[in-house]
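Chain and residue survey
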Amino acid sequence: MSETVNQNETPLLEVRHLRKLFPSKAGFLKEKTFIKAVDDVSFSIMPKVTLGVVGESGCGKSTMGRSVLRLIEPTSGEILYKGQDFMKADGAELRKIRSEMQIIFQDPYASLNPRMTVGEIIAEPLNIQKKFKTKEETRERVLKTMEVVGLNPKYYNRYPHEFSGGQRQRIGIARAIALEPSLIVCDEPVSALDVSIQSQVLNLLKDLQESMGMAYIFISHNLSVIKHISDRVMVMYLGHVVEMADKNDLFSNPSHPYTQALMSAIPLPERHSSRKKIILQGELPSPANPPSGCIFHTRCFMAQDICSKEEPEFRDLGNGHMCACHFCEKCQNQ
Ligand code: SF4
């Protein structure tokens, strides 16, 4: 599975055939099997661009995001950061690349150390990377970063429990941007927040991207959020990428039956079409024992005989609109 990259541009990040398998013991005899959390995922991301990643929970999107940063070591595949082999990087080189790639976590309650003050939390990556020689310089950067994310600098010595969910997520964002990274993996950063706060945090992320020029891999199960923030969108199902396209193309012309089903669940005023709701039958299959042929065939409303036998190619339908279905063209006209 591969995506076309414009030869004239250098991607910030290229991921090729990424796999992450987790060993598991299952069944009566407890035989060793592998859960294929991420299976043959390839994509590239240009500087200052937001790649939205969407799919049901359990589809492997968070594992993919963490594997790309090597917070979880991938089982196989290639990760090139600015053309450099990130999988082989270690020591000082690994530390340098890590400083340029950060993460914002979903849960602003669990992701902040309750024993550290806001100032200490935001200073932590700066200290790990030995960014500044003096404490005063570090403090100045922390105060400036607090201001940038809309936190009053007078809260420098307060603890996370003294803040609301939205403010805590601002602390998490400040920690992620303190080193001025080029890429941030945003792993469901607004899912745990009230709806009224979600748009404030999304707009903050957009403004920061505008002013600091970062690229985002933005992971969410919520297509409305993905539509609001993304330039390009990747749809994942059972560890695989099933469709990828520029946002407007994907939302106006979803070509994979799974994407169509996801889109049909968006509330009507936000949808591009009046397609009727598609209810997917059955449960998400186990990633330890994925279906043969097309991984979606056990739930697909368009499945034919060939679907359980042959894996569809992930192919370009034009303008970089990639889709893994034997009948993409037919689906497009649905
Ligand atoms: Fe459905 Fe077949 Fe297309 Fe898979 S290949 S998405 S089962 S129609």
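Located above this text is the structure these notes cover.
Now for a quick tour of the structure.

**Focus: the layout of surface pockets**
Volume-wise, the largest pocket comes out at about 430 Å³. Every residue lining the largest pocket is counted, 16 residues in all, and those nearest its centre are Leu71, Met101, Gln102, Ile103 and Pro125. Only α2 (91-100), β6 (101-104), α3 (118-128) and α5 (165-177) provide two or more residues apiece to the lining of the largest pocket. Of the residues in the lining of the largest pocket, the class split is nine nonpolar, three polar and four charged.

**Some thoughts on the pairing of strand β4 (residues 76-81)**
Direction of pairing for β4 relative to strand β5 (residues 84-85): antiparallel, over a ladder of two bridges. Opposite leucine 80, over in β5, you have aspartate 85 as the bridge partner. Counting the residues that bridge the hairpin from β4 to β5 gives two residues, and of these lysine 82 lies at a positive phi of roughly 50°.

**Points about α3**
Two residues of an α-helix separated by three or four positions point the same way, owing to the 3.6 residues in each turn. Of all the positions in α3, only Val118, Gly119, Ile121, Ile122, Ala123, Pro125 and Leu126 are classed as buried. If you follow the buried residues of α3, they end up packed against α4 (135-148) and α5. Count one or two residues on from α3 and you reach lysine 130, which has phi positive near 50°.

**As for the environment of threonine 117**
The residue threonine 117 is located in the loop between β6 and α3 in this model. Along the chain, threonine 117 and alanine 37 lie 80 residues apart, while their C-alpha atoms are 35 Å from each other. Those residues in contact with threonine 117, other than ones at most four positions away along the chain, are Tyr156, Asn157, Arg158 and Tyr159.

**Focus: the packing of aromatic side chains**
Within this structure, the stated rule accounts for four aromatic pairs. With 5.5 Å between their ring centres and 75° between their planes, tyrosine 155 and phenylalanine 163 make a pair best called edge-to-face. On the accessibility criterion, tyrosine 155 (18% relative accessible area) is buried. Here phenylalanine 163 falls in the buried class, since its relative accessible area comes to 7%. By the ring-pair criterion, three or more aromatic residues cluster together here, those being Tyr237, Tyr258 and Phe296. For the cation-ring pair, arginine 70 lies above phenylalanine 86, with the distance from its terminal atom to the ring centre recorded as 5.5 Å.

**Quick notes on the pairing of strand β10 (residues 240-246)**
The element β10 is extensively covered by neighbouring structure, given that six of its seven residues are classed as buried. The pairing of strand β9 (residues 232-237) with β10 spans six bridges and is antiparallel. Bridged to arginine 232 within β10 is aspartate 246. The sheet contact formed by β10 and strand β12 (residues 322-324) spans two bridges and is antiparallel. When the bridges of β12 are listed, glutamate 243 appears paired with cysteine 323.

**Looking at the site of the ligand**
Neighbouring the ligand are the residues His256, Pro257, Cys294, Phe296, His297, Cys300, Met302, Ala303, Cys307, Cys325, His326 and Phe327. Residues belonging to the shell around the ligand are distributed by class as follows: nine nonpolar, three polar and no charged.

**Some remarks on the pattern of salt bridges**
According to the stated counting rule, one finds 13 salt bridges in the structure shown. The residue arginine 66 makes a salt bridge to aspartate 187 at a minimum N-O spacing of 2.8 Å. With arginine 66 in helix α1 (residues 61-68) and aspartate 187 in strand β7 (residues 183-187), this residue pair connects regions lying 121 residues apart in the sequence. For glutamate 73, the salt bridge goes to arginine 70, with nearest N and O atoms at 3.0 Å. Take arginine 70: its relative accessible area is 11%, and that puts it in the buried class. Where salt bridges share partners, they join Glu14, Arg16 and Glu78 into one cluster.

**Digging into the sheet that holds strand β3 (residues 50-54)**
Backbone-to-backbone hydrogen bonds pair the strands of a sheet. The strands run either parallel or antiparallel. Reading across from one edge, β6-β7-β8-β3-β9-β10-β12-β11 is the order of the eight strands in this open sheet, with mixed pairing throughout. Of all strands in the sheet, those with a lone pairing partner are β6 and β11 (314-316), marking the two edges. Averaged over neighbouring strand pairs, the angle between their axes works out to 20° when direction is ignored. In the sheet, β11 pairs with β12 via three bridges, with the strands oriented antiparallel.

Procedures and definitions
Residues numbered from 1 in each chain as written. Predicted model: local features only at pLDDT ≥ 70, side-chain atom pairs only at ≥ 80, totals over all residues. Heavy atoms only, no water. 1 Å grid on protein atoms, 1.4 Å probe; cavity = no way out; pocket = protein on both sides within 12 Å on 5 of 7 lines; lining within 4 Å. Points joined across faces, edges and corners; volume = space filled by probe spheres on them. Helix = DSSP H or I, 4+ residues; strand = E, 2+ residues; numbered from the N terminus. Nonpolar A, V, L, I, M, F, W, Y, C, P; charged D, E, K, R; others polar. Pairing = 2+ DSSP bridges. Buried < 20%, exposed > 50% of the residue type's maximum accessible area, 1.4 Å probe, protein only. Contact = heavy atoms within 4.5 Å. Phe/Tyr/Trp six-rings, centres within 6.5 Å; stacked < 30°, edge-to-face > 60°. Lys NZ or Arg CZ within 6 Å of the ring centre and 35° of its normal. Near = heavy atom within 4 Å. Salt bridge = Lys/Arg side-chain N within 4 Å of Asp/Glu carboxyl O. Axes fitted to C-alpha atoms, helices over the stretch in contact; angles between N-to-C directions.

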